[in-house]
Amino acid sequence: MGVAVNSDFFKFTYEFRRHNLKQLDKNKPRVSCIASSSISKKIKRTTTITTHAAASSSPAPGAHYPEQLLDVKTKQKSKRIAGIDQDELVDPKLLADPDSCFCEFNGVHLHYKVYDAESQSHNSLQSQTASQLPPATKKIGFPMVLFHGFGASVFSWNRAMKPLAETTSSKVLAFDRPAFGLTSRVFPFQQPTPDTENKKPLNPYSVAFSVLATLYFIDILAAEKAILVGHSAGALVAVNSYFEAPERVAALILIAPAILAPRLIQKVDEANPLGRNEQTERDTSNLVNLLKPFLKVYTILSMFLKYITQAMMQVAKGMADMLHSLYKKVLSATLRSAVGLTLVRILIDKFGLATVRRAWYNSKEVAEHVIEGYTKPLRVKGWDRALVEFTAALLIDNESKMNPPLAKRLHEISCPVLIVTGDTDRIVPSWNAERLSRAIPGSTFEVIKNCGHVPQEEKVEEFVSIVARFLQRAFGYSESEGKSMQAVS
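Given the structure is predicted, the values throughout are model-derived calculations rather than measurements.

**Some words on the nonpolar core**
Right, so step 1: If you look at the biggest cluster of nonpolar residues, it comprises 57 residues, and the most contacted ones within it are Val145, Leu228, Leu252, Leu254 and Ile413.
Right, so step 2: Top element by residues in this core is helix 8 (residues 207-220). It accounts for seven residues.
Right, so step 3: Residues Ala174, Ile255, Ile448 and Phe470 belong to the second largest nonpolar core, which totals 31 residues.

Here you go:
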């Protein structure tokens, strides 16, 4: 019963409120209704904006917004160097070409390529007589080892390897020096200390390491001697390899060599060093006899001053050597820091591609596949740190301290030497190559017209022709030998 009373009460209350609301709606002015509608729309609009803002701060899965895309694009752009994404660096072996080879030498996996003229062209040569073959193909049997320049790789020899192999009728091998190409980047290696100076491992980024790797590759080629071909900074490795083992080097071919040529000193006639005539000599001897007493005193004072000066120079030299060594250590430490690493990345990003184009006589001829070939190593893990270590190794070269400067040893080279340069080389000027040729006795100097820093890439046919003529002169055969070869064939 209580339930029935309550039910009637609620019904009465509901009807009463409904009646009053209808009366109120009839008495409301229209303006209030419009205002109410406007406020309602504003509330809805505000609610929509608030909801959208909330959704932007907490996006649903799979949602995409312009602000987010802008942030992603900016982030991606900041992590690209010379157009290469630095978020996807890989092991160098994953970037290998079908003809790539790898071998381990002193803990470093060296990347190299070999072109064997005999195996590649055996079938085609069977149909030719000996008289149809180029002369160089008949006689020259030394293999070649090719060295690329700074920032380059085996790729820089792609167009020249096959014609060079056909010219020598032998194998041609090109390898990536540590810090370049697809050769592995080694970190860390033990830094030398006073206690381990005699037991220190060889720095893989040093010139000395590349020299030993060169001799290792000559062994791989199963040859007693090889022709060493160095381009730009690779010429430095070729020449140092000669001085390390001259008996293993048949000839040197230096292309746009980045070796600072010494200034030539004019020779003086030993019989008459000062160019004096006999009459002048007689007059001078009479004057010397008159001044002999004074000359004795002068000689004693000169000797005394000489000893004092030598002592002072030794002290100054010691201080200079100490300061120079300290400077090198500080510079090396700075290079290996985060500052040096950042600096290397900035330099490669800003000037890397520009330098590649500058190396050509006509930068417009630099095709896209060339750019891809030169920037491919930027996809290797640790490329930047390896470049820092390579630069530091050049600064702290302890091996060079034990040997005379290279410029003072060039006259000791006795094997055949060819130096090739482009007349419009904007990286290593042709005048330096010419001066270098004058410093090496008996060397051959050739200039390719309308050519830049990379003759083996932009002027392949002319470059190979020059090499063939040089090798024919250096290792040519006599007419009788040529006829006997034809008879055997």
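Continuing now.
**Things to note about the pattern of salt bridges**
Pairs can form between side chains of opposite charge whenever their charged atoms are close.
Right, so step 1: For the structure on display, the rule yields eight salt bridges.
Right, so step 2: Across the salt bridge formed by arginine 345 and aspartate 384, the nearest N and O atoms sit 2.6 Å from each other. Taken as a pair, arginine 345 in helix 12 (residues 338-358) and aspartate 384 in helix 14 (residues 383-395) lie far apart in primary sequence, 39 residues in all.
Right, so step 3: For aspartate 384, a relative accessible area of 10% puts it in the buried group.
Right, so step 4: Taking the shortest distance from any N to any O, the salt bridge between arginine 438 and glutamate 434 comes out at 3.7 Å. Highlighted residues: arginine 438 and glutamate 434, both in helix 16 (residues 430-439), separated by four residues, approximately one helical turn.
Right, so step 5: In this structure arginine 438 comes out as partly exposed when scored by relative accessible area, which is 49%.
Right, so step 6: The exposure class of glutamate 434 is partly exposed, given its relative accessible area of 36%.
Right, so step 7: Three or more residues are tied together by salt bridges with common partners; here these are Asp97, Asp99, Lys113 and Lys376.

**Notes on the packing of helix 8 against helix 9 (residues 234-244)**
Right, so step 1: Between helix 8 and helix 9, the shortest axis-to-axis distance is 9 Å and the interhelical angle comes to 70°. As judged from the angle between their axes, helix 8 and helix 9 are roughly perpendicular. Considering the relative orientation of helix 8 and helix 9, their crossing is right-handed. Facing Val207, Ser210, Val211, Thr214 and Leu215 of helix 8, the residues of helix 9 in contact are Leu236, Val237, Asn240, Ser241 and Glu244.
Right, so step 2: Across the contact of helix 8 with helix 9, the residue classes break down as five nonpolar, four polar and one charged.

**Points about the environment of alanine 359**
Right, so step 1: Within the fold, alanine 359 resides in the loop between helix 12 and helix 13 (368-375).
Right, so step 2: Alanine 359 sits in the buried class, given a relative accessible area of 6%.
Right, so step 3: Along the primary structure alanine 359 and threonine 424 are separated by 65 residues, whereas in three dimensions their C-alpha atoms are 9.3 Å apart.
Right, so step 4: Setting aside residues no more than four positions away along its own chain, alanine 359 makes contact with Ile427, Gly452, His453, Val454 and Glu458.

**Quick notes on the sheet that holds strand 6 (residues 171-175)**
Right, so step 1: The sheet built from eight strands is open, its strands ordered 3-4-6-5-7-8-9-10 with mixed pairing. Either end of the sheet is taken by a strand with one partner, and the two such strands are strand 3 (101-105) and strand 10 (444-448). Strand-to-strand, the axes of this sheet are offset by a mean angle of 25°, without reference to chain direction.
Right, so step 2: In the sheet, strand 7 (residues 226-231) pairs with strand 8 (residues 249-255) via six bridges, with the strands oriented parallel. Note on strand 8: the bridge partner recorded for valine 229 is isoleucine 253.
Right, so step 3: The strands that helix 8 touches are strand 3, strand 4 (108-116), strand 5 (144-147), strand 6 and strand 7; relative to strand 3, the one it contacts most, it runs at about 120°.

Calculation notes
- Residues numbered from 1 in each chain as written.
- Predicted model: local features only at pLDDT ≥ 70, side-chain atom pairs only at ≥ 80, totals over all residues.
- Heavy atoms only, no water.
- Core = buried A, V, L, I, M, F, W, Y, C linked by side-chain atoms within 4.5 Å.
- Buried < 20%, exposed > 50% of the residue type's maximum accessible area, 1.4 Å probe, protein only.
- Helix = DSSP H or I, 4+ residues; strand = E, 2+ residues; numbered from the N terminus.
- Salt bridge = Lys/Arg side-chain N within 4 Å of Asp/Glu carboxyl O.
- Axes fitted to C-alpha atoms, helices over the stretch in contact; angles between N-to-C directions.
- Parallel < 35°, antiparallel > 145°, perpendicular 65-115°, else oblique.
- Left-handed = near helix turned anticlockwise from the far one by under 90°.
- Contact = heavy atoms within 4.5 Å.
- Nonpolar A, V, L, I, M, F, W, Y, C, P; charged D, E, K, R; others polar.
- Pairing = 2+ DSSP bridges.

These results come straight from atomic positions and should not be treated as a statement about function.
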